[in-house]
Amino acid sequence: MIYLISSIVACLLCVGYIWKKDMRQYNYQMVSFNTDDMKFLMFDSVNGVDFLQRKVEYIPKQGNGTVRDPSCIWRDGKYYVVYTTIAWDTGNQIGMFTTRDFSECKEREMIKVGEYNKVWAPTFYQEANQVYIIYNAAYEDEKFSSYIVPYNIEKHAIGEAIKIEGLPDNVIDTEIYKVEGKYYLFYKNEDTKYVEMAMSNQLNGPYQVVGEDDWASWGNTLEGPCLVSLPKGYRL
């Protein structure tokens, strides 16, 4: 079963949950951004539907102060947040900061990926002891493709990027999840504005599109999909 969470602002790219001391309850955390001034936002929820905004003050010193499309993971006792560093102009770097409780955020050096003119919506994927960053990139006047690259947290360094094959020509907001041994990839088709789904037996692909256009009856003009596992299904 899949439930749809509507984004509080224009783009929802990371929803996570953490067990509370009472194991019968969930505590959801959502990171997003303000589309007016491109600032980082965070929300908390008990049920994954009703959210309250948490005050977090983070303005990066690098770049132009923009935080778009944030994605987060919890690893080694702290959160890692990766984000788009440009508004709508050009750039080929990814921003990142770390924090233990969002009361104090430590900015990391921006990561350069290729020689692209635009790098949008980076997101984390982790499996076993390996962390990856997925990002969407394009040269000027070209359509976006999705790439995956291994990320070394300790050294703050990336490996060789691989283009994710099998997807349409113009996709952004790519997220990957492993369910029962198969990899499910959600993305926004930038041409049709639908959230679509692809599947593969391998993380790096190639992927096969198994849900396109309005396959889930969600309508279009959607973006930033994120899947969360629940005891009795999933929430998107």
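Remember, it's a predicted structure, so these values are computed and weren't measured experimentally.

Rules used in this analysis
- Residues numbered from 1 in each chain as written.
- Predicted model: local features only at pLDDT ≥ 70, side-chain atom pairs only at ≥ 80, totals over all residues.
- Heavy atoms only, no water.
- Phe/Tyr/Trp six-rings, centres within 6.5 Å; stacked < 30°, edge-to-face > 60°.
- Helix = DSSP H or I, 4+ residues; strand = E, 2+ residues; numbered from the N terminus.
- Buried < 20%, exposed > 50% of the residue type's maximum accessible area, 1.4 Å probe, protein only.
- Lys NZ or Arg CZ within 6 Å of the ring centre and 35° of its normal.
- Pairing = 2+ DSSP bridges.
- Axes fitted to C-alpha atoms, helices over the stretch in contact; angles between N-to-C directions.
- Salt bridge = Lys/Arg side-chain N within 4 Å of Asp/Glu carboxyl O.
- Core = buried A, V, L, I, M, F, W, Y, C linked by side-chain atoms within 4.5 Å.
- Contact = heavy atoms within 4.5 Å.

**Student:** Looking at this structure, how should I read the packing of aromatic side chains?
**Tutor:** Remark: the centre distance and the inter-plane angle together describe each pair of aromatic rings, the angle taken between the planes. Taken as a whole and judged by the stated rule, the model has 16 aromatic pairs. Here the aromatic rings of F124 and Y151 are separated by 6.4 Å at their centres, their planes lie at 45 degrees, and the arrangement is tilted. On the criterion of sequence distance, the pair formed by F124 in strand β10 (residues 118-127) and Y151 in strand β12 (residues 145-152) is long-range, its members being 27 residues apart. For the residue pair F124 and Y151, the accessibility class agrees, reading buried in each case. Aromatic ring contacts, followed pair by pair, group F40, Y58, W74, Y79, Y83, F97 and F102 into a single cluster. Here the basic side chain of R68 rests over the ring of W120, its NZ or CZ set 5.0 Å away from the ring centre.

**Student:** I tried to follow the sheet that holds strand β6 (residues 68-75) on my own but got confused; where do I start?
**Tutor:** Sheet strands pair via backbone hydrogen bonds, and the direction of the pair is either parallel or antiparallel. If you trace the four strands from one edge of the open sheet to the other, you get β6-β7-β8-β9, paired in antiparallel fashion. If you trace the sheet from one side to the other, it starts and ends with β6 and β9 (105-112), each paired once. With strand direction ignored, the average angle separating the axes of adjacent strands in the sheet is 20 degrees.

**Student:** What should I look at first to understand the pattern of salt bridges in this one?
**Tutor:** A side chain with one charge may pair with a side chain of the opposite charge, provided their charged atoms come close. Under the counting rule described, the total for this entry stands at nine salt bridges. K178 is the partner of E127 in a salt bridge, and the nearest nitrogen-oxygen pair spans 2.9 Å. Of this pair, E127 sits in strand β10 while K178 sits in strand β15 (residues 171-179), placing them 51 residues apart in sequence. Using a relative accessible area of 25% as the deciding quantity, one classes E127 as partly exposed.

**Student:** Just to check I follow, could you spell out the nonpolar core for this structure?
**Tutor:** Membership of the largest hydrophobic core comes to 18 residues, with the highest contact counts inside it found for I94, M96, F124, I133, Y135 and Y151. At the level of secondary structure, the elements contributing two or more residues to this core comprise β7 (78-84), β8 (93-99), β10, β11 (130-138) and β12. Residue contributions to this core peak at four residues, all from β11. Every residue in contact with F124, bar those within four places of it in the chain, is listed here: S71, C72, I73, Y80, V81, V82, M96, V131, Y132, I133 and Y151. Among the nonpolar cores identified, the runner-up in size contains 14 residues, and I134, L167, V171 and Y187 belong to it.

**Student:** Hey, could you run me through the sheet that holds strand β16 (residues 182-189) in this one?
**Tutor:** Read across the open sheet, the four strands follow the order β15-β16-β17-β18; overall the sheet is antiparallel. The sheet is open, and its two edges are formed by β15 and β18 (208-211), each paired on a single side. Taking the axes of each pair of neighbouring strands and ignoring which way they run, one obtains an average angle of 30 degrees across the sheet. Alignment of β16 against strand β17 (residues 195-200), held across six bridges, turns out to be antiparallel. From the neighbouring strand, F186 faces β17, where its bridge partner is M197.

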